[in-house]
Amino acid sequence: MRGGLSKTLAVLGAAGLLAVSACGNSDDNGGSGDSAASKDVTVFTWWADGGEKAGLDGLVSVFNTECKDYKFVNAAVAGGAGSNAKQVLANDLASKNPPSTFQAHAGAELRDYINAGQVDDVSGLYKEFGLDKAFPQNLIDNLTVEGKIYSIPANVHRANVVWANPTVLKKANIDAAKAPATVDAWIADMDKLKAAGVKAPLAISKGFAQEMLVEAVLLAELGADKFTGLWNGKTDWAGADVTAALEKYKKMLSYTNADREAIDWPDALGYVNKGQAGYTLMGDWVAAQQLADKVPESSYTYWPSPGTAGNFQFLADSFTLPTGGKDPEGAKCWLKVTGSAEGQKAFNTKKGSIPARSDANPADYPKYQQSAMADWKKDKIVPSCAHGAACSVGQNNDILSAISQFSGSQDVAKLQSALGTAMKTS
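None of the values given here were measured: they were computed from a predicted structure. (Residues numbered from 1 in each chain as written. Predicted model: local features only at pLDDT ≥ 70, side-chain atom pairs only at ≥ 80, totals over all residues. Heavy atoms only, no water.)

### Focus on the pairing of strand β13 (residues 311-315)
- Extensive coverage of β13 is indicated by the burial of five of its five residues.
- What you see with β13 is no split at all: Asn-311, Gln-313 and Leu-315 on one side and Phe-312 and Phe-314 on the other are buried throughout.
- Direction of pairing for strand β8 (residues 157-158) relative to β13: antiparallel, over a ladder of two bridges. Among the inter-strand pairings, His-157 is bridged to a residue of β13, identified as Leu-315. (Buried < 20%, exposed > 50% of the residue type's maximum accessible area, 1.4 Å probe, protein only. Helix = DSSP H or I, 4+ residues; strand = E, 2+ residues; numbered from the N terminus. Pairing = 2+ DSSP bridges.)

Okay, here's the thing in structure tokens:
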């Protein structure tokens, strides 16, 4: 990985870290001094709004019941799409002042912390809390790094989802209920929409949203095994099949909004909801956003991105046990709640994600999550680099930079070379 950990954490994309620390004194803790301070579990996050904040509140309600010896203190930092909060976390880690627990995307993103000696192995807690039985084996396999597990996931999100406006698609006589079978078929539908007067059929935003679209096209064109091989070294980034997929991504950008480098994903979703675009590709946290915005279910539909049906591209928000963190027993109580059936239900019913546990009752969840839970059980699980499951923070930063440059240059050969180079870093 090029550059220091503080630098890479500070520039990580929008859907990322949630830091939780047990630090500082609390006037409400019934006392003063170290004994009072040690009972505080201060949660430092950018989850300050919408479904994310509602989900966190649900998790906290269970923590307050199950961990009565400890006090939750909310230290949310809003703004900057999470960059403000991530900078504070980076500074704390660099100054050897780790929190009690912090959240990172489960999977390869944790390598940065592991290599820096900043997180402890929590494999033992899996057995203690019964998570080795509650979580599906394919998820545990994706969480394991060199035989050890370093985090406990609170949820599972799906990345490869397209959200469509049936009214817009009807202008071109496109059946919104039926997903195009391939990327080529999707491009053909976008041609129809353009011919029907829709200037930007595919709404997209900057940064990780473009990376997600690149991943969706690669997954569709290469298939699950070769796609996963891009991240574990078994697939050659210089291959002709990768070139062909990136050419299709280039073609797809020609159907997107001109302001893509200036907006965030809720704005792109807004273009779809307002009828200015037919589609947007974004993770299923959109489901919670649509509920929060009171968008009627009849005004949108969703399906796996074309060519990826049968594949569930996952990401997970998870919590760690930092090396040398304050009050590790309080942190372990938070981790226990995070992995518990009660905690995951309280969190995920509000956030739009699905529980990592296999014993959840689909009837407890809204319509979209029920469909995602069914797919999670039957689909092939593949990782997302954009959201930390497939690559490290440093690798992802280099990939984001290459994709941002491509948005302007449209140089496929340069993009392909840069992506391959990024994955050679560690």
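More follows now that the structure is in view.
### What about the state of the cysteines?
- Overall, the coordinates contain two disulfides when judged by the stated rule.
- Paired by a disulfide, Cys-67 and Cys-333 hold their sulfur atoms 2.0 Å apart. Judged by the torsion about the S-S bond (-100°), the Cys-67/Cys-333 disulfide is left-handed. With Cys-67 in the loop between α3 (50-66) and β3 (71-74) and Cys-333 in helix α16 (residues 328-339), this residue pair connects regions lying 266 residues apart in the sequence. (Disulfide = S-S within 2.5 Å.)

### What about the pattern of salt bridges?
- Here the structure, examined in full by the defined rule, presents 15 salt bridges.
- In this structure, the salt-bridge partner of Asp-375 is Lys-378, at a minimum N-O distance of 3.3 Å. Of the two residues, Asp-375 and Lys-378 both sit in helix α18 (residues 367-378), three residues apart, roughly one turn of that helix.
- Residue classification places Asp-375 among the buried residues on the basis of a relative accessible area of 18%.
- On the basis of relative accessibility, which here comes to 61%, the residue Lys-378 falls in the exposed class.
- Salt bridges sharing partners connect three or more residues here, namely Arg-158, Asp-375, Lys-378 and Asp-379. (Salt bridge = Lys/Arg side-chain N within 4 Å of Asp/Glu carboxyl O.)

### Let's talk about the environment of Arg-158
- Residue placement: Arg-158 occurs in strand β8.
- Residue class for Arg-158 comes out buried when judged on its relative accessible area of 3%.
- Sequence spacing of Arg-158 and Trp-285 is 127 residues, and the spatial spacing of their C-alpha atoms is 8.3 Å.
- With residues near it in sequence (within four places) discarded, Arg-158 still touches Gly-283, Asp-284, Pro-304, Asn-311, Phe-312, Gln-313, Leu-315, Tyr-368, Asp-375 and Asp-379.
- A distance of 3.1 Å separates the side chain of Arg-158 from the side chain of Asn-160, its partner in a polar contact. (Contact = heavy atoms within 4.5 Å. Polar contact = N/O pair within 3.5 Å; in protein donor to acceptor, adjacent residues only side chain to side chain.)

### Some words on the packing of aromatic side chains
- Scanning all chains against the criterion turns up 17 aromatic pairs.
- Ring geometry for Trp-163 against Tyr-300: centres 6.2 Å apart, planes inclined by 50°, an arrangement best described as tilted. You can see Trp-163 sitting in strand β9 (residues 161-164) and its partner Tyr-300 sitting in the loop between α15 (285-292) and β12 (301-304), a full 137 residues away along the chain. Here Trp-163 and Tyr-300 have matching classes, each one buried.
- What links up through ring pairs into an aromatic cluster is the set Phe-63, Phe-72, Phe-319 and Trp-334. (Phe/Tyr/Trp six-rings, centres within 6.5 Å; stacked < 30°, edge-to-face > 60°.)

### Quick notes on the sheet that holds β12
- The mixed open sheet is built from four strands, whose spatial order is β10-β11-β9-β12. Two strands close off the open sheet at either side, each with one partner strand: β10 (202-203) and β12.
- Across four bridges, β9 lies against β12 in antiparallel orientation. Following the sheet pairing, Trp-163 is matched in β12 by Tyr-302.
- Packing against the sheet, helix α10 (residues 183-195) makes contact with β9, β10 and β11 (279-281), and its axis sits at approximately 145° to β11. (Axes fitted to C-alpha atoms, helices over the stretch in contact; angles between N-to-C directions.)

### Considerations on the side chain of Gln-416
- Tracing the chain through its elements places Gln-416 in helix α20 (residues 412-422).
- Gln-416 sits in the buried class, given a relative accessible area of 10%.
- Here the side chain of Gln-416 touches Trp-237 through a polar contact of 2.8 Å, landing on its backbone oxygen.
- Discounting chain neighbours no more than four positions away, the residues touching Gln-416 are Trp-237, Ala-238, Gly-239, Val-242, Thr-243 and Leu-246.

### Remarks on unusual backbone geometry
- If you check the backbone angles, Asp-327 has positive phi at about 50° while not being a glycine.
- Along the chain, Asp-327 falls in the loop between β14 (317-319) and α16.
- Since its relative accessible area comes to 19%, Asp-327 is described here as buried.
- In this structure, Gln-410 takes a positive phi of about 60° despite not being glycine.
- By the element assignment, Gln-410 lies in the loop between α19 (393-409) and α20.
- Given a relative accessible area of 24%, Gln-410 falls into the partly exposed group.

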